[in-house]
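Below, each chain spelled out in residue letters.
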Amino acid sequence: QVQLVESGGGSVQAGGSLRLSCAASGLPFSSYNMGWFRQAPGKERAFVAAIRWNGYTTYYADSVKGRFTISRDSAKKTVYQQMNSLKPEDTAVYYCAADRTQSRLGYQVGEYDYWGQGTQVTVSS
C-alpha cells in the first residue's frame with residue numbers, strides 16, 4: 001500500500017520560513033519523480049515544484065521560483081520543500097505527489113499517480 005505522509009505545515013508570519021517533508025512508503029521511491037502541489041480555498045489544486053527521480057532536475061512554478069527549494073533524500077524516502085520569504089498568497093493545503101513516469105517532470109495533477117493527505121500552511125500579513 002502506497003503512502004505519502006506530509007508534515008511540517010503550520011502558521012507563520014509573512015517573510016518567514018517553513019520546511020515541508022513528505023515520507024513515502026510502499027513504492028520504489030528512488031524510481032519516482034516527486035512533486036508538490038497546493039490548493040487554496042475555492043481554487044483548483046496548483047503545481048508548485050517537482051524533482052526528478054535522480055534528483056538532478058527540478059522545476060518550479062513562477063510564483064515560487066527563488067523562494068522555494070525542493071529536494072529529496074532517497075535513503076530516507078523523503079522529499080522536502082524549503083519555503084522562504086513566505087507571502088499570504090502562499091496560504092494553502094500543500095500536497096505531496098509521486099509520478100512513476102521518469103521521462104517527464106510533470107506539472108499537472110493528472111500526471112501524478114499517488115497523493116498525500118495534505119498539510120496546511122497559513123501565512124499571515
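Refer to the structure printed above.
These remarks concern the structure in this document.

Definitions and limits used
- Residues numbered from 1 in each chain as written.
- Predicted model: local features only at pLDDT ≥ 70, side-chain atom pairs only at ≥ 80, totals over all residues.
- Heavy atoms only, no water.
- Helix = DSSP H or I, 4+ residues; strand = E, 2+ residues; numbered from the N terminus.
- Buried < 20%, exposed > 50% of the residue type's maximum accessible area, 1.4 Å probe, protein only.
- Contact = heavy atoms within 4.5 Å.
- Pairing = 2+ DSSP bridges.
- Axes fitted to C-alpha atoms, helices over the stretch in contact; angles between N-to-C directions.

1. Observations concerning the environment of Ala23
- Mapped onto the secondary structure, Ala23 falls in strand β3 (residues 18-25).
- Given the relative accessible area of 37%, Ala23 is considered partly exposed.
- With 18 residues separating them along the chain, Ala23 and Val5 place their C-alpha atoms 5.2 Å apart.
- Once you skip the residues sitting within four places of it in the chain, Ala23 turns out to touch Gln3, Leu4, Val5, Lys77 and Thr78.

2. Concerning the sheet that holds strand β1 (residues 3-7)
- Taken together, the four strands give an open sheet; going across it, the order is β1-β3-β8-β7, and neighbouring strands pair in antiparallel fashion. Only two strands of the sheet have a single partner each, and these edge strands are β1 and β7 (68-73). Sheet twist, expressed as the average angle between the axes of neighbouring strands with direction ignored, equals 15°.
- Strand direction decides the pairing type here: β1 and β3, joined by five bridges, are antiparallel. Considered in β3, the bridge of Gln3 is made with Ser25.

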